[in-house]
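Structural overview for review
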Amino acid sequence: MSTQTADELASETIDQDEAAQLRSPLERFGLSGKALEYGNWIAVAVGIYILITAVNVIGDGFKSATGGQAEELFAFAENPLIALMIGVLATGLIQSSSTTTSIVVGLAAGGLPMEICVPMLMGANIGTTLTSTLVSLGMVRDKESFRRGFAAASVHDMFNLFAVVIFLPLEMLTGILEKSSGWLSEQMAGSDGGIVAVIFGGIGAGVTAVTEPLADLIGMLAEWIPQPWGGILLIFIGIGLILSVINFIGSLLKVVMVGRAKQVLHSAIGRGPITGIFSGMLITIMVQSSSTTTALVVPLAGSGTFSVKQIYPFTLGANIGTTVTALIAAFAFSGVEAQFALQAALVHLLFNLLATALIFGVHFLRVIPLEGAALLGELGAQNKLFVVAWVLGVFVVVPAVLIFLTVVL
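Here the structure is a predicted model, which is why all the values come from computation and not from measurement. (Residues numbered from 1 in each chain as written. Predicted model: local features only at pLDDT ≥ 70, side-chain atom pairs only at ≥ 80, totals over all residues. Heavy atoms only, no water.)

**Section: the overall build of the protein**
A tally of regular secondary structure across the protein gives 19 helices and zero strands. Here the protein, with 409 residues, has 53% of them falling under the buried criterion. The long-range share in the protein, meaning contacts at least 24 apart out of those at least 6 apart in sequence, stands at 80%. Total accessible area on the protein is roughly 17600 Å²; 68% of this is exposed by carbon and sulfur atoms. (Helix = DSSP H or I, 4+ residues; strand = E, 2+ residues; numbered from the N terminus. Buried < 20%, exposed > 50% of the residue type's maximum accessible area, 1.4 Å probe, protein only. Contact = heavy atoms within 4.5 Å. Areas by Shrake-Rupley, 256 points an atom, 1.4 Å probe, with all protein chains shown as cover.)

**Concerning the side chain of Ser 136**
Examined against the element boundaries, Ser 136 turns out to sit in helix H8 (residues 130–136). A distance of 2.6 Å separates a polar side-chain atom of Ser 136 from the backbone oxygen of Thr 133. Beyond its immediate chain neighbours, meaning those up to four positions away, Ser 136 contacts Phe 146, Gly 149, Phe 150, Ala 153 and Val 298. (Polar contact = N/O pair within 3.5 Å; in protein donor to acceptor, adjacent residues only side chain to side chain.)

**Observations regarding the environment of Ala 326**
Considering the arrangement of structural elements, one finds Ala 326 in helix H16 (residues 324–329). A relative accessible area of 1% means that Ala 326 is categorised as buried. Along the chain, Ala 326 and His 348 lie 22 residues apart, while their C-alpha atoms are 8.1 Å from each other. With sequence-adjacent residues up to four places away left out, Ala 326 is seen in contact with Thr 101, Val 105 and Ala 345.

**Quick notes on the packing of aromatic side chains**
This model, assessed by the stated rule, comprises five aromatic pairs. Ring centres 5.5 Å apart and planes at 5 degrees place the aromatic pair Phe 146 and Phe 150 in the stacked group. Of this pair, Phe 146 and Phe 150 are both found in helix H9 (residues 143–174), four residues apart, which corresponds to roughly one turn of the helix. In terms of burial, Phe 146 and Phe 150 fall into one category: buried. A ring pair is formed by Phe 167 and Phe 351, whose centres lie 5.9 Å apart and whose planes are at 85 degrees; its orientation type is edge-to-face. Of this pair, Phe 167 sits in helix H9 while Phe 351 sits in helix H17 (residues 335–361); the two residues are 184 residues apart in sequence, bridging distant segments of the chain. Phe 167 gets classed as buried once you look at its relative accessible area, which sits at 4%. Judged by relative accessible area, which is 2%, Phe 351 ranks as buried. (Phe/Tyr/Trp six-rings, centres within 6.5 Å; stacked < 30°, edge-to-face > 60°.)

**Here we look at the nonpolar core**
Val 55, Val 105, Met 122, Ile 242, Tyr 312 and Phe 333 are the most contacted members of the largest nonpolar core, which has 100 residues in total. Apart from the residues within four sequence positions on either side, Tyr 312 is in contact with Val 155, Phe 159, Ile 359, Phe 360, Arg 366, Pro 369 and Leu 370. Residues Val 57, Ala 215, Ile 218 and Ala 222 belong to the second largest nonpolar core, which totals five residues. (Core = buried A, V, L, I, M, F, W, Y, C linked by side-chain atoms within 4.5 Å.)

**With respect to helix H14 (residues 290–302)**
Helix length check: H14, at 13 residues, gives a terminal C-alpha distance of 18 Å against a target of 18 Å (1.5 Å per residue), a fit within 8%. With ten of 13 residues buried, H14 is to be regarded as a mostly interior element. All of the buried residues in H14 are Ser 290, Thr 292, Thr 293, Thr 294, Leu 296, Val 297, Val 298, Leu 300, Ala 301 and Gly 302. Positive backbone phi, at 90 degrees, marks Gly 304, one or two positions downstream of H14. (Expected span 1.5 Å × (residues − 1).)

**Describing the environment of Leu 84**
Tracing the backbone through its elements, the reader meets Leu 84 in helix H5 (residues 80–94). Note: C-alpha distance between Leu 84 and Leu 168 (84 residues apart in sequence) is 8.9 Å. Discounting residues that sit within four places of it in the chain, Leu 84 has contacts with Pro 119, Met 120, Met 122, Gly 123, Ile 126, Val 164 and Leu 168.

**Overview of the pattern of salt bridges**
What the rule picks out here adds up to four salt bridges. Bridged by salt links that share partners, the residues Glu 144, Arg 147, Arg 148 and Glu 378 form one connected network. (Salt bridge = Lys/Arg side-chain N within 4 Å of Asp/Glu carboxyl O.)

**Quick look at the side chain of Thr 99**
By the element assignment, Thr 99 lies in helix H6 (residues 97–109). Look at Thr 99 and you get buried, because its relative accessible area is 1%.

**Considerations on the packing of helix H7 (residues 114–127) against H9**
Look at H7 against H9: their axes get within 9 Å of each other, and the N-to-C directions meet at 170 degrees. Looking at the two axes, H7 sits roughly antiparallel to H9. Facing H7, whose interface residues are Val 118, Pro 119, Met 122, Asn 125 and Ile 126, H9 presents Asn 160, Leu 161, Val 164, Phe 167, Leu 168 and Glu 171. Considered class by class, the residues forming the contact of H7 with H9 number eight nonpolar, two polar and one charged. (Axes fitted to C-alpha atoms, helices over the stretch in contact; angles between N-to-C directions. Parallel < 35°, antiparallel > 145°, perpendicular 65-115°, else oblique. Nonpolar A, V, L, I, M, F, W, Y, C, P; charged D, E, K, R; others polar.)

**Digging into the environment of Leu 168**
By secondary structure assignment, the location of Leu 168 is in helix H9. With sequence-adjacent residues up to four places away left out, Leu 168 is seen in contact with Pro 80, Leu 84, Pro 119, Met 122 and Ala 163.

**Considerations on the packing of helix H10 (residues 176–189) against H17**
At a minimum axis distance of 8 Å, the contact between H10 and H17 shows a crossing angle of 130 degrees. On the basis of the axis angle, H10 is oblique to H17. For the crossing formed where H10 meets H17, the hand is right-handed. Of the residues in H17, those in contact with Ile 176, Leu 177, Glu 178, Ser 180, Ser 181, Gly 182, Leu 184, Ser 185, Glu 186, Met 188 and Ala 189 of H10 are Gln 339, Leu 342, Gln 343, Leu 346, Val 347, Leu 350, Phe 351 and Leu 354. Its residues assigned to classes, the contact of H10 with H17 comprises eleven nonpolar, six polar and two charged. (Left-handed = near helix turned anticlockwise from the far one by under 90°.)

Next up, the structure:
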């Protein structure tokens, strides 16, 4: 198959029903043309403002609810495996790693110990892979297409699971992510970080000054409620705002950026794995959604346009690109809180960077997710019940049972 033919097939697959799917929420207000274009970007900016405010609200609510005793209240999650399962289950249920990581950033600023945050963030990486599996289910009627699509989706699962298998024990033994993120956050937001800390602190202080009035206004809603219920209410308000605004931002960015994302995707076809990683990262940053990156490439694997091996680096880039949301969320805070929030965001970034460098950079490790994905693709194509068992087992049942047993026992 020529490169030109592959590009045509890719374009045809991505363009299916695009006009119907990519509609701005602002169109219902009668906007069109340039007014709609400008309105979309203004709405994105407002969405980011609300996102940062919501993370601030979660931090304030968690601090109020725990009364500075977060470590004692989250003692059940001190087991890294349980913290990991919380991240998996939360992300699997809400279908957004950006939401989970933003919440963890707020909790870190509110006092949640970093040794609990780290495995939660790893769990978010696993939970988000459910999206690619759900996308592949659209091909379930065609056995061969589903085999290819499910394998392409599963390579995301396999890589993130393998990354956790390597880095969670390593973190427990050495604290590599906590220590390296702590050092970096000190340089960027600490009192002794020099010019970088001054610049970052200045930006953070400016963002805080703009977003804090709204956060304080929301906080007033819970002032009349005794603690810890007032703080818990704020946490739920913050989570609700994050869920809503991330979906809203995503829908807007799909409208204004998916065309450009497609151009990036097409230009990366056949140009090697490094280009694939950077393209997946860029697409995800552009549309602020690793789910969109997945939705673009997994159907192409199902149609036979791309092989699973070609899809593989795109998904790794999506892992890295999705960490930007947590970094944006870290600007919700200033002072010591900013350092802890930034550290949590950096944990997520470093985990994905180091996992990509190690697993994809070492050949005998690189092929393990591919082989696992190929096996899952074959099993799923042979028996659809296996897919149901995989999805429910990995993303819902096992995490929920482990958490329940830990809390009860």
